[in-house]
Amino acid sequence: MFSFDFMQNAYLAGTLIAIVSGMMGVFVIARNMPFMTHTLSEIGFAGAAFGIFIGWTPLNGMLVFTTVSSIMVGELSGAVESRRESVISAISGLFIGLGILFLSLSQKNSSYATNILFGSVIGISRQDVIQMAALSILVLMVLLLIFRNLKDDSFDPVGAQTNHIYRNIISIIFLIMLAFNVSVAAQIVGSLLIFVLLTLPASSAKYFAHTVLHMMALAVGFALFGVWVGLYLGYLTNWPVTFFISSIEAAIYGISLFYNFIRSKSK
Amino acid sequence: MSDTLISVEDLSLSFPNHPVLSGLSFQVNRGDFLGVIGENGIGKTTLVRVILGQLHPSAGKVVIKNGVRIGYVPQFRNIDVEYPLAIKDFVALNFTGLKLPWLSKKERTRVHQVIHQVGLEHIADRPLGLASGGEKQKAYLAQALINHPDLLILDESTASLDPNTKKELLDVVYRLNKTSGLTILFVSHDMQMIHEYPDHYLWLKKGQYESGPIEDLHNENKEGQYV
Ligand SMILES: Nc1ncnc2c1ncn2[C@@H]1O[C@H](COP(=O)(O)OP(=O)(O)OP(=O)(O)O)[C@@H](O)[C@H]1O
Ligand SMILES: [Mg+2]
């Protein structure tokens, strides 16, 4: 299997993405931002389409769009819930529409749309892998740098308010890292299924962990497991890798919920 | 000479169409145990937030002595019960200063110290979300103590506690005040508690206030009926 360049590339990229997404996912959950993340990802779809339209790589188009919009979208997390939902629907709709427009203007066939929306491992070149690896490592390093303050701000926002940590700066840095993370992860699972790597593993890990570090380790483990097995099954069957990864992550989440149900019943 | 940590000078604060504090002046000196009382909605939390710099006064000012470290236990907190956050991790969240991604040895020692001070060592590894109301309040207190504050502000920390737990928590605070000279600002509407622990009081009332040594409050038996 690894004699194929594209499988090597896919495993390399997938491994890094799973690690970064598992760790970032813990904070996405703690900050209650799954839907924000999803919106960011849909904006990314428009960005990827725009990239193709003007002759960039989809990844670069996505990076530009998500980074520029991440802060704007993040501001929404403070908004009242009912308002937030409607604003999110509007933004998602607008950007998916834009994405379709750019794709049709660039006169590429519809398989491009499928690749961006649902991910594709075949298309990843060595060049892409290097860029994705660099971005992933950057996100990891920044995460490490702001780790304690981010943890404070995410898990105890009321306490952090009095803590003289620079909450706005932490929040902006986090959103930009999230934009990078979303753009890179979407290359594998697609921009429609960003949940699969960014929220499901962390949501599942929550039920088994006692500390934040433990939760991060488990989330990374779940994400890695899904990506590795998914890529392998995709290789064996020729079915879409995204299908396998999302089924595996959903199954893990289902098991976690069940475990939590049993545990709370037996108490 | 008394060492003034906080000096509130002719402080007023109004929310749009809603005056809350007006013409308030008082001082908190090092070593004081100040009880702040007043009915619900009178502006106790608002006053605390002005002192913390989270709200800006409409008039007057609050002067905090240079370098004074404040530990704060807010009235409300949103901690998800499903968060895998052990009590000792929660307590460690509050460290300020330059932080490595992990806890230094010194920080770990400090975490043990404060957890011991509030008497939670037996459940330090348990998730905070599953702790009882009283245990949570003790954890909040431990967190507020972590940076060696000069002044500790507690906002209704005992409001939902049973008499025993209330006494345990207050005894910890009282001991810190008496033995380490930690200055306390305790917000409560529990009149009995205010008679028992603080040495000064500040009573916020509609459009006015009253303050002084706690003996004055003892002598005011008429108004002491409140609550
Ligand atoms: N941000 C705000 N905007 C507008 N009004 C506010 C705001 N915060 C507080 N208030 C109002 O100011 C008044 C004082 O509120 P505050 O929270 O200080 O009361 P409190 O004395 O702490 O009451 P409690 O004992 O119930 O905690 C209340 O009427 C409240 O509705
Ligand atoms: Mg209050």
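Parameters at a glance
Residues numbered from 1 in each chain as written. Chains lettered and ligands numbered in written order. Predicted model: local features only at pLDDT ≥ 70, side-chain atom pairs only at ≥ 80, totals over all residues. Heavy atoms only, no water. Contact = heavy atoms within 4.5 Å. Buried area = accessible area lost by both parts, 1.4 Å probe. Salt bridge = Lys/Arg side-chain N within 4 Å of Asp/Glu carboxyl O. Helix = DSSP H or I, 4+ residues; strand = E, 2+ residues; numbered from the N terminus. Nonpolar A, V, L, I, M, F, W, Y, C, P; charged D, E, K, R; others polar. Donors = N, O, S within 2.8 Å, 3.2 Å for Na, K, Ca; no water. Buried < 20%, exposed > 50% of the residue type's maximum accessible area, 1.4 Å probe, protein only. Pairing = 2+ DSSP bridges. Axes fitted to C-alpha atoms, helices over the stretch in contact; angles between N-to-C directions. Parallel < 35°, antiparallel > 145°, perpendicular 65-115°, else oblique. Left-handed = near helix turned anticlockwise from the far one by under 90°. Near = heavy atom within 4 Å. Polar contact = N/O pair within 3.5 Å; in protein donor to acceptor, adjacent residues only side chain to side chain. Areas by Shrake-Rupley, 256 points an atom, 1.4 Å probe, with all protein chains shown as cover. Phe/Tyr/Trp six-rings, centres within 6.5 Å; stacked < 30°, edge-to-face > 60°. Lys NZ or Arg CZ within 6 Å of the ring centre and 35° of its normal. Expected span 1.5 Å × (residues − 1).

Engineer: An account of the interface of chain B and chain A is requested, with residue identities and associated values reported.
Structural biologist: The interface is formed by 30 residues belonging to chain B together with 27 residues belonging to chain A. Around 2,200 Å² of area is buried between chain B and chain A when both sides are counted, 52% of it from carbon and sulfur atoms. Viewed at the interface, chain A and chain B are joined by three salt bridges. Between D156(A) and R77(B) there is a salt bridge, with the nearest N and O atoms lying 2.7 Å from each other. The element contributing the most residues to the side of chain B that touches chain A is helix α2 (residues 87-92) of chain B, with three residues. Taken together, the residues of the side of chain B that touches chain A sort by class into 18 nonpolar, six polar and six charged.

Engineer: Can you break down the coordination of the magnesium ion (ligand 2) residue by residue, with the values?
Structural biologist: Residue and element names in this part refer to chain B. Bound to the magnesium ion (ligand 2) on the protein side are T45 (OG1) and Q75 (OE1), at distances that span 1.9 to 2.2 Å. One end of the pair, T45, is in helix α1 (residues 44-51); the other, Q75, is in the loop between β5 (70-73) and α2, with 30 residues separating them in the sequence. The partly exposed category is assigned to Q75, whose relative accessible area is 27%.

Engineer: Give me the lowdown on the sheet that holds strand β4 (residues 59-64) of chain B, citing residues and values where you can.
Structural biologist: Pairing between the strands of a sheet is mediated by backbone hydrogen bonds and can be parallel or antiparallel. Residues and elements named next belong to chain B. Spatial strand order, β2-β1-β4: three strands in an open sheet with antiparallel pairing. The strands lining the two open edges of the sheet, one partner per strand, are β2 (18-29) and β4. Strand-to-strand twist in this sheet, taken as the mean axis angle between neighbours without regard to direction, amounts to 15°. Bridge analysis of strand β1 (residues 4-15) against β4 gives five bridges, and the strand direction is antiparallel.

Engineer: I'd love a proper account of the packing of helix α2 (residues 34-54) of chain A against helix α9 (residues 167-189) of chain A, names of residues and values included.
Structural biologist: All names here are of chain A. At a minimum axis distance of 10 Å, the contact between α2 and α9 shows a crossing angle of 60°. It follows that α2 is oblique to α9 by the angle criterion. The two elements α2 and α9 meet at a crossing, and its hand is right-handed. Residues T37, L40 and S41 of α2 touch α9, and the partners they reach there are L178, A179 and V182. Considered class by class, the residues forming the contact of α2 with α9 number four nonpolar, two polar and no charged.

Engineer: Outline the site of ligand 1, supporting the account with residue identities and numerical values.
Structural biologist: All names here are of chain B. Taken together, 13 residues lie near ligand 1, and G41, K44, T45, T46 and Q75 sit nearest. Between ligand 1 and the protein, one listed contact pairs an oxygen atom with a backbone N or O atom of G41 at 2.7 Å. Protein chains shield 64% of the accessible area of ligand 1, which is 640 Å² for the free molecule. Listing elements by their share of the shell around ligand 1, those giving two or more residues are β2 and α1. If one sorts the elements of the shell around ligand 1 by residue count, α1 sits on top with three residues. Residue classes in the shell around ligand 1 are distributed as three nonpolar, seven polar and three charged.

Engineer: Give me the packing of aromatic side chains: which residues, what numbers.
Structural biologist: This model, assessed by the stated rule, comprises 20 aromatic pairs over all chains. Ring centres 6.4 Å apart and planes at 75° place the aromatic pair F27(A) and F155(A) in the edge-to-face group. Taken together, the residues F27(A) in helix α1 (residues 5-30) and F155(A) in helix α7 (residues 147-155) connect sequence positions 128 residues apart. F155(A) carries the same exposure label as F27(A), and that label is buried. Put simply, the rings of F50(A), F53(A), W56(A), F65(A), F95(A) and F102(A) touch in pairs and so form one group of aromatic residues. The ring of F174(A) has R31(A) lying over it, and the distance from NZ or CZ to the ring centre is 5.0 Å. The aromatic ring of W203(B) is capped on one face by K205(B), whose charged end is 4.3 Å from the ring centroid.

Engineer: Provide a residue-level description of helix α12 (residues 212-237) of chain A, including the pertinent values.
Structural biologist: Over its 26 residues, α12(A) runs 37 Å from end to end, which matches the ideal 38 Å to within 8%, given 1.5 Å per residue. Directly beyond the C-terminal end of α12(A), a positive phi value near 70° is found at N238(A).

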